[in-house]
Amino acid sequence: MFDILLRGGTVIDGTGRAAFSADVAIEKGSIAAVGHLPDAAARQTVDCTGLTVTPGFIDIHRHADGAAFRPGFGAWELCQGLTTIVNGNCGLSAAPFGPANAAAIRAYLQPITGTLPETLDSGSLAGYFRSLPPLPVNMGMLVGAGTLRADAAGYELTELNDSHFSAIHRAMEKALADGALGVSLGLGYAPECFYSTSDLIRALQPVAGTKIPVTVHMRQEGGGVVASVQEMIVVARALGCPVHISHLKAMGRDNWGSKIPQVLSLLEQARSEGLAVDCDVYPYTAGSTQLLHILPPDFLTGGMEAVVARLRDKETRKELAARIESGSGFDDIAKLAGWDGIYLTSLHCPEDHPYQGKNLMEIAALMGQDPLTVCCELLVREHGQITMIDFMASEEDICAILRSPLSCVISDATYPTEGQLHPRVCGNVTHLLEHFVREKDALSWESAVHKLTEKPAEVLGLKGKGRLAAGYDADVCVFAPEALHERAGYTDPRELSAGMTHVLVNGVFAIRDGALTGETGGKVIKAS
């Protein structure tokens, strides 16, 4: 007798093949059988007639490193069908780091991960895992190469010495031994933006010649996106390990429709040469990150105190205005998105709270100053800890990436402790399925489910995840496709997604008959 029998649903198994009618039997947290099982008996039988049954959805690019410790964690994820998430992305992992640079690292991570709990054992990835409370979803971690560099050398240095590289290598090897699923890079952020290509390859030597994946937030995602992809192909060739490009896009209207076809062609050519390169994409035209990201990399040198001091200086502001006007050599988000396309979503000083949710053009009008001055004043007052939502991508480019066999779907969800979220935190999966599949027909249901299940599991080597097949973990979603609805929006981003009838995590009902159960069936996923 099985533990659970999901009877009579339409199965989309994660492989990309056509949907088929089948029963799904679950026993001891695993899929025991998928097929026509008329004589099967179970302790619990669930009628799935008229419903679609899929593997639990996987998001390999979130920033819930700190959010996992908050009360109520998991509701936003489960209600859109997520059963497995991976954190530690963009080089910004909440571990490992020691006491020497802990305050600076915590402050730098805060706009992305939110405030990390003081009780967190950040000294090792094993310590981070031990600190975690019971989990409602499965959770894995990448080790952030930015955190490793900041731990070894702080944020001040642009050049590293041999001892710094040795410390980075030791910490990376330890984190991988502790179960990190791979190494993440944030080449658009300090301190990794200071790496030359050759020094980056040197820093990543522990993964050379292995199958350990490197994921990368590239140096540029606007006019320089093609050159940035070319750099990562150089890195993949030099290291001989898989390289996965995170949240691929072409920011800025001038780049829409032209850069992404070039990038996809470069990746396909590299694959034909035997390099293990691929990519992911989030299904929104707006992103979200630190407001500091609008600055050129050289303005980020010296650590946060130096950045704030720099932004106070009127002559430096004039130089910054000229750099933004020229828009060369960096992702000039102020120009790519426009001041009216950059919305401030997390401000901590009480006097700045009225500006939350407004764009920099609107704030400039309220303050009676130009947008750049406003931006600098706020960054100084908030000590750099401001998040933004920036509208800069093209839906046609998103569709092109979605249709590529090289892509999977992620959210890049950030979790600031205060302020306004991006709706992708609560609605990424439902937005994809409702808008791009059901409304736009940009993908078939089978292809979309594949990009949410088997494909991301393959990218990070998540064994037992991503398929409805015997022997796989019983992470399962059951829903009516027409009922899926993203309720979150840019003005009400914390609204839970609607439409999941049942969600199981390792054979435990996390959602039953449309209601959250409060069960914690999730497990920590470690590289094996």
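Scroll up a little and you will see the structure.
Cut-offs and rules
- Residues numbered from 1 in each chain as written.
- Predicted model: local features only at pLDDT ≥ 70, side-chain atom pairs only at ≥ 80, totals over all residues.
- Heavy atoms only, no water.
- Salt bridge = Lys/Arg side-chain N within 4 Å of Asp/Glu carboxyl O.
- Helix = DSSP H or I, 4+ residues; strand = E, 2+ residues; numbered from the N terminus.
- Buried < 20%, exposed > 50% of the residue type's maximum accessible area, 1.4 Å probe, protein only.
- Polar contact = N/O pair within 3.5 Å; in protein donor to acceptor, adjacent residues only side chain to side chain.
- Contact = heavy atoms within 4.5 Å.
- Core = buried A, V, L, I, M, F, W, Y, C linked by side-chain atoms within 4.5 Å.
- 1 Å grid on protein atoms, 1.4 Å probe; cavity = no way out; pocket = protein on both sides within 12 Å on 5 of 7 lines; lining within 4 Å.
- Points joined across faces, edges and corners; volume = space filled by probe spheres on them.
- Nonpolar A, V, L, I, M, F, W, Y, C, P; charged D, E, K, R; others polar.
- Pairing = 2+ DSSP bridges.
- Axes fitted to C-alpha atoms, helices over the stretch in contact; angles between N-to-C directions.

**A look at the pattern of salt bridges**
Piece 1. One pass over the structure, following the stated rule, counts 24 salt bridges.
Piece 2. With a closest N to O distance of 3.0 Å, Arg-317 and Glu-377 form a salt bridge. Of this pair, Arg-317 sits in helix 10 (residues 314–326) while Glu-377 sits in helix 13 (residues 371–381), and the two are 60 residues apart along the sequence.
Piece 3. You can call Arg-317 buried: its relative accessible area is 14%.
Piece 4. Classification of Glu-377 as partly exposed rests on a relative accessible area of 27%.
Piece 5. Each of the salt bridges in this network shares a partner with another, and the network as a whole consists of Asp-59, Arg-62 and Glu-77.

**Thoughts on the side chain of Thr-387**
Piece 1. Within the secondary structure layout, Thr-387 lies in strand 16 (residues 387–391).
Piece 2. A distance of 2.8 Å separates polar atoms of two side chains, one belonging to Thr-387 and the other to Thr-345.
Piece 3. Not counting chain neighbours up to four residues away, the residues in contact with Thr-387 comprise Pro-111, Thr-289, Gln-290, Leu-291, Tyr-343, Leu-344, Thr-345, Ser-346 and Pro-416.

**Some remarks on the nonpolar core**
Piece 1. Membership of the largest hydrophobic core comes to 161 residues, with the highest contact counts inside it found for Phe-57, Tyr-128, Leu-204, Leu-248, Leu-291, Ile-342 and Leu-344.
Piece 2. Here this core takes 8 residues from helix 7 (residues 225–239), the largest share from any one element.
Piece 3. In contact with Leu-344, not counting residues within four places along its chain, are Leu-291, Tyr-355, Gln-356, Gly-357, Lys-358, Leu-360, Ile-363, Leu-378, Ile-386, Thr-387 and Met-388.

**Observations regarding empty space enclosed by the protein**
It is a probe the size of a water molecule, rolled over the atoms, that shows where empty space is left.
Piece 1. What the rule picks out here adds up to 3 cavities of 30 Å³ or more.
Piece 2. In terms of lining, the largest cavity is formed by 16 residues, of which the most central are His-217, Glu-221, Lys-249, Tyr-282 and Thr-289.
Piece 3. The element that contributes the greatest number of residues to the lining of the largest cavity is strand 14 (residues 286–290), accounting for 3 residues.
Piece 4. The residue inventory of the lining of the largest cavity, partitioned by class, reads 6 nonpolar, 6 polar and 4 charged.

**Quick notes on unusual backbone geometry**
Piece 1. Pro-96 follows Ala-95 through a cis peptide bond whose omega is 0°.
Piece 2. Tracing the sequence through the fold places Pro-96 in the loop between strand 7 (82–87) and helix 2 (102–113).
Piece 3. In this model, Ala-190 is joined to Pro-191 through a cis peptide bond whose omega is 0°.
Piece 4. Along the chain, Pro-191 falls in the loop between strand 10 (183–186) and helix 6 (197–203).

**Points about the sheet that holds strand 15 (residues 342–346)**
Piece 1. Taken together, the 3 strands give an open sheet; going across it, the order is 14-16-15, and neighbouring strands pair in antiparallel fashion. In this open sheet, the two strands that pair with only one neighbour each are strand 14 and strand 15. Each neighbouring strand pair of the sheet contributes to a mean axis angle of 30°, computed without reference to strand direction.
Piece 2. The pairing of strand 14 with strand 16 spans 5 bridges and is classified as antiparallel. Among the inter-strand pairings, Thr-289 is bridged to a residue of strand 16, identified as Met-388.

By themselves these figures say nothing about function.
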